[in-house]
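Given next are the chains, with one letter for each unit.
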Amino acid sequence: MDLNKKIMLEKISDCVVDMEDEEISDLCVEYIENGFSAYDGIMDGLVDGMNRAAKLYDEEEYYIAELLLCSDAMYKGIEVLKKHLPEDFSIEDDKRVAIMGVVEGDTHDIGKNLVKIMFETAGYKVVDLGKDVLLDRFIESAISEDADLICMSSLMSTTMYGMKEVIDRLNERGIRHRFKVMVGGGTITEEFAKKIGADAYSKNAVEAVKVANSLFT
Amino acid sequence: MNFLKYIIENNNINPDFCNKRGSCGRCKVKLKDRIDINSVEKEILSKEEIDEGIILACQHDFTMDEINRLDYSLFEEGFSKNDVDNEGIILDFGKLSDIKIDKNVGYGIAIDIGTTTISMYLIDLYSGKILKKKSALNSQVRYGLDVFSRISHSIEYSENGFYELRSTLIGQLYEMIVEIKNYKKDMDKENINKITKENKEEAFEAGAEKNTESKIEKIEDRRNDSINFISISANCIMSHIVCNEKIDSMGKFPYSTKFTSSKILSLRELFEGCDNISDGDLLKDTLSKDLKVMVLPQVSAFIGGDVVSGIYSSGIYNNCKYNILFIDIGTNGEIVLSKRGRLSATSCATGPAFEGMNIKFGMRASSGAIENFKIEENGGYKIKVIGGKDPRGICGSGMLSIIREGVSHHLINKMGRIVDVNKLAKSDFRKNFIREEGKKRSIKVTEDIFLSQADIRQIQLSKAAISSAVRMIIEKSGLNFPEIDRVFIAGQFGSHLSEDVLVDTGILSEDFRGKIIYVGNTSQSGAYSYLLSQEVREDFEKISKSVEVVNLVNSEDYEKIFRDSMFFRRKIDE
């Protein structure tokens, strides 16, 4: 690889890790002006930085706020670079599809937003249903998007049984086997996930990606 | 039945646990006969403990038969007796303002039903004099420490759950009322003992029971002698339970209520459906059969009668000439802003971190809790423990003081990360305060007690919840932080957190330093005023209808503000 390109990619990655959401736009513009591949800029620069941030989260160095700030930088960079992707380029095709949302009756979505960021970084196509999502909507969306994974989150003990309801309805309709179901959130535990018949539980956004990936290997 | 629940109820234990999540590890019980344990227990318990037959009580459900056959012993450190010596905890709000008393006859009881503590005053309705005070732990705690857990109980046990919550509460209220009313009987007994035969007349005047035949006089006596009015100041969920109205919808967005107006219940309505109290009990000299129970008006599901009481008691409505922030910090925090009398309010999910839950060595502010931590000039440290004896854990104010010391002495960076002890010079005093075990760092408070990185993160979330809600409500009003003239902090819990610790950690802005005033239990004082005066009741109606509720849910900026509020810094714009 061109040394100059390598250096620029490292700088871009560093900007993400260092949460430099202002500097990064200029840097990405410079990168493009040098004639380098936008795709590589995204994968080996921005996504690389986000993955390093995720590792720092794992090591307890970074927490939620840092990841959100890093992702701000990453998305700023993506805004610049994606305009320069080849026209017929579709990154979406081979991606696994994850439906994501906060369960009906709950509006705490910061955790879910972070999970979405990590999943997109990891190459998933995320269909974000938002918060206070009607239970049937998880199912309808999974069907219409031909999803691989349904992710539900809840922070409150009063709404978490909605997750069980979704799984029960999937069973009733005979389509449970078509989707992997993963749950998480402040009041959710491994025990609860097992009890309601979910395929997996993850305790934070970074772990969620690893757990999801393991469901498909 | 859940094993921990059984232990708490049958051993009068302080319910200071993490709500069956298996994270606090305090409910260790040793079983003689081995049983299977789950993954949560495997994570918390050490190999030695597991080999010894130790389990976490909260993770097991048994039938009564099984429990009776169990040979078990409790670990003392986790279980402490219910030390309900709450008398000293009720703070009165300075001078109760001049109110126009109705001057009814007989007695009244003003009750503050908090999620954790119930407090009541026995009052002479004619003079307004407070005759006796009483408080106790709300026995509903067995169904959950916080209000959401109790709503969950009602949802999960749809047949009986609500009834259990209600009968427990009403039953406890009845017991407390009977006890508090016996104050007068005790006084009578004293007087009778002092008096000789010749002083029978004096005996009548001293309040001993009259021996009269007149039926009218008997009724008059009863009215003079019984409780004729009760006022209840409580959050919206508690108020619904008292009024026998379902609470499930308040556990889910959009948190709709069955009512928010003030309510009046009769004797029969108050005790409706409570099989634990017989009709005979009710009329025995204590409660008037014409009893009126007045439940204070609410604003919304999370801004309850207790907050309206706070607004009234602190005088921040109407002709208030200042900009005042009123905060009641609890597992749910309520924040009211008065912009020269114009009221807005919001609530936030502070979470139970400040009350010790989900924190490794976290506990309530009771005996054995470290409530202050200071690093000294010479690199040593000093701790202050409630009750003065050996520390067993850390309470909210202790946690915040540790963080304050940690940040100011560069043990913890502003983002909340504990510094790398391996990067410190050998002579660096900081080495004494940081522990690293297998990549996990913690702040060492004593030899056995520490605050872990994960604990600090939990505290950051609680901090962010409060700070961001305060910021949102101030920004929405168009005011700047320096324009806030005073910050009133209400409630028992808030009273433990000093101004220094709240501002130094950045939970409250540097702009509030020197402006914080602790106003005590304004819910109780509001109930008191409401009980005595029609004029006050009219004011409460007006207040409850004039508060603008600020919803954090729909604010686009909220995530950014929440994120920024997680950092430990003193100036909001730093």
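Residues numbered from 1 in each chain as written. Chains lettered and ligands numbered in written order. Predicted model: local features only at pLDDT ≥ 70, side-chain atom pairs only at ≥ 80, totals over all residues. Heavy atoms only, no water.

Novice: For this particular structure, what's the right way to read the interface of chain A and chain B?
Specialist: By convention, interface size is frequently given as the accessible area that disappears when the constituent parts associate. On the side of chain B, 31 residues touch chain A, which itself brings 31 residues to the contact. Both faces combined, the contact of chain A with chain B buries some 2,600 Å², and carbon together with sulfur accounts for 54% of it. When the buried area of chain A at its contact with chain B is split by residue, Glu60(A), Tyr63(A) and Thr158(A) rank highest and sum to 26% of it. Between Arg563(B) and Asp72(A) there is a salt bridge, with the nearest N and O atoms lying 2.8 Å from each other. Here chain A and chain B share 14 residue pairs in polar contact (both at pLDDT 80 or more) between them. Only α4 (64-81), α5 (110-121) and α8 (190-196) of chain A provide two or more residues apiece to the side of chain A that touches chain B. Ranked by residue count, the leading element in the side of chain A that touches chain B is α4(A), at 6 residues. For the side of chain A that touches chain B, a count of residues per class yields 11 nonpolar, 10 polar and 10 charged. (Contact = heavy atoms within 4.5 Å. Buried area = accessible area lost by both parts, 1.4 Å probe. Salt bridge = Lys/Arg side-chain N within 4 Å of Asp/Glu carboxyl O. Polar contact = N/O pair within 3.5 Å; in protein donor to acceptor, adjacent residues only side chain to side chain. Helix = DSSP H or I, 4+ residues; strand = E, 2+ residues; numbered from the N terminus. Nonpolar A, V, L, I, M, F, W, Y, C, P; charged D, E, K, R; others polar.)

Novice: Just checking my understanding: could you explain the packing of aromatic side chains for this structure?
Specialist: The way to describe two aromatic rings as a pair is by their centre distance and the angle between their planes. All names here are of chain B. A full pass over the atoms with the stated rule returns 20 aromatic pairs over all chains. Measuring from centroid to centroid gives 6.1 Å for Tyr381 and Phe433, while their planes differ by 80°, and the two rings are edge-to-face. With Tyr381 in strand β14 (residues 381-385) and Phe433 in the loop between α13 (396-408) and β16 (434-437), this residue pair connects regions lying 52 residues apart in the sequence. Here Tyr381 falls in the partly exposed class, since its relative accessible area comes to 39%. Note on Phe433: relative accessible area 2%, which makes it buried. Seen in terms of ring centroids, Phe429 and Phe433 are 6.4 Å apart; in terms of plane orientation they differ by 75°. Their pairing is edge-to-face. In textbook terms, an aromatic cluster arises when at least three aromatic residues are bridged by ring pairs, as seen for Phe148, Phe253, Tyr255 and Phe302. Taking NZ or CZ as reference, Arg435 lies 4.1 Å from the ring centre of Phe450, over its face. (Phe/Tyr/Trp six-rings, centres within 6.5 Å; stacked < 30°, edge-to-face > 60°. Buried < 20%, exposed > 50% of the residue type's maximum accessible area, 1.4 Å probe, protein only. Lys NZ or Arg CZ within 6 Å of the ring centre and 35° of its normal.)

Novice: What is the right way to look at the pairing of strand β20 (residues 516-520) of chain B in this model?
Specialist: For a regular strand, side chains alternate in direction, first toward one face of the sheet and then toward the other. Residues and elements named next belong to chain B. Examined bridge by bridge, strand β19 (residues 486-490) and β20 share 4 bridges and lie parallel to one another. Within β20, the position partnered with Ile489 by the bridge is Tyr518. As a crossover connection, the stretch from β19 through helix α15 (residues 499-504) into β20 is right-handed. (Pairing = 2+ DSSP bridges. Right-handed = clockwise from strand over helix to strand, strands pointing away.)

Novice: When you look at the environment of Ser139(B) in this model, what are you seeing that I'm missing?
Specialist: Examined against the element boundaries, Ser139(B) turns out to sit in the loop between β6 (130-137) and α5 (147-156). Each C-alpha atom, one on Ser139(B) and one on Glu483(B), is 42 Å from the other, the two residues being 344 residues apart in sequence.

Novice: Just checking my understanding: could you explain the sheet that holds strand β5 (residues 200-201) of chain A for this structure?
Specialist: Two orientations exist for strands paired in a sheet by backbone hydrogen bonds: parallel and antiparallel. Residues and elements named next belong to chain A. Taken together, 5 strands build an open sheet; the order of strands is β2-β1-β3-β4-β5 and the sheet is parallel. One side of each edge strand has no neighbouring strand; the edge strands of this open sheet are β2 (125-128) and β5. Where strand β1 (residues 97-102) and strand β3 (residues 149-153) come together, 5 bridges link them in parallel fashion. Its bridge partner being in β3, Ala98 is matched across the sheet by Leu149.

Novice: Hey, could you run me through helix α1 (residues 3-17) of chain A in this one?
Specialist: Each α-helix winds once per 3.6 residues, and so residues spaced three or four apart point in a common direction. All names here are of chain A. Between the first and last C-alpha of α1 there are 21 Å, a value that for 15 residues agrees with the 21 Å anticipated at 1.5 Å per step. Taken residue by residue, α1 has Lys5, Met8, Leu9, Ile12, Ser13, Cys15, Val16 and Val17 as its buried positions. Along its buried surface, α1 packs onto α2 (23-33), α3 (38-58) and α4. Put simply, Asp2 is the residue that caps the front of α1, since its side-chain oxygen is 2.8 Å from the backbone nitrogen of Asn4. Among the residues trailing α1, Met19 stands out with phi positive, at a value near 60°. (Expected span 1.5 Å × (residues − 1).)

Novice: Got a minute to help me understand the packing of helix α6 (residues 135-144) of chain A against helix α7 (residues 161-172) of chain A in this structure?
Specialist: A pair of packed helices can be characterised by two numbers: the angle between their axes and the separation between those axes. Residues and elements named next belong to chain A. One can describe the packing of α6 onto α7 by two numbers: an axis separation of 9 Å at closest approach and a directional angle of 45°. Here α6 lies oblique to α7, going by the angle between them. Crossing hand, α6 versus α7: right-handed. Of the residues in α7, those in contact with Leu135, Asp136, Phe138 and Ile139 of α6 are Gly162, Glu165, Val166, Arg169 and Leu170. Classifying every residue of the contact of α6 with α7 by side-chain character gives 5 nonpolar, 1 polar and 3 charged. (Axes fitted to C-alpha atoms, helices over the stretch in contact; angles between N-to-C directions. Parallel < 35°, antiparallel > 145°, perpendicular 65-115°, else oblique. Left-handed = near helix turned anticlockwise from the far one by under 90°.)

Novice: It is not clear to me how the sheet that holds strand β5 (residues 117-124) of chain B should be interpreted in this structure. Could you clarify?
Specialist: Residue and element names in this part refer to chain B. Spatial ordering of the open sheet is given by β6-β5-β4-β7-β9-β8, a layout of 6 strands whose pairing is mixed. The sheet is open, and its two edges are formed by β6 and β8 (263-265), each paired on a single side. Here the average twist between neighbouring strands, direction ignored, is 20°. By the bridge criterion, 7 bridges tie strand β4 (residues 107-113) to β5 in an arrangement that is antiparallel. Its bridge partner lying in β5, Ala110 is registered against Tyr121. The sheet contacts of helix α16 (residues 522-532) involve β4, β5, β6, β7 (227-234) and β9 (287-295), and relative to β4 the element is tilted by about 150°.

Novice: Is there a simple way to think about the state of the cysteines in this case?
Specialist: Here is the idea: a disulfide is a covalent bond, and it sits between the sulfur atoms of two cysteines. Residue and element names in this part refer to chain A. Enumeration according to the criterion identifies 0 disulfides over all chains in this entry. No disulfide involves Cys15; its sulfur sits 7.7 Å from that of Cys28, the nearest cysteine. Overall, Cys15 belongs to the buried group, its relative accessible area being 5%. (Disulfide = S-S within 2.5 Å.)

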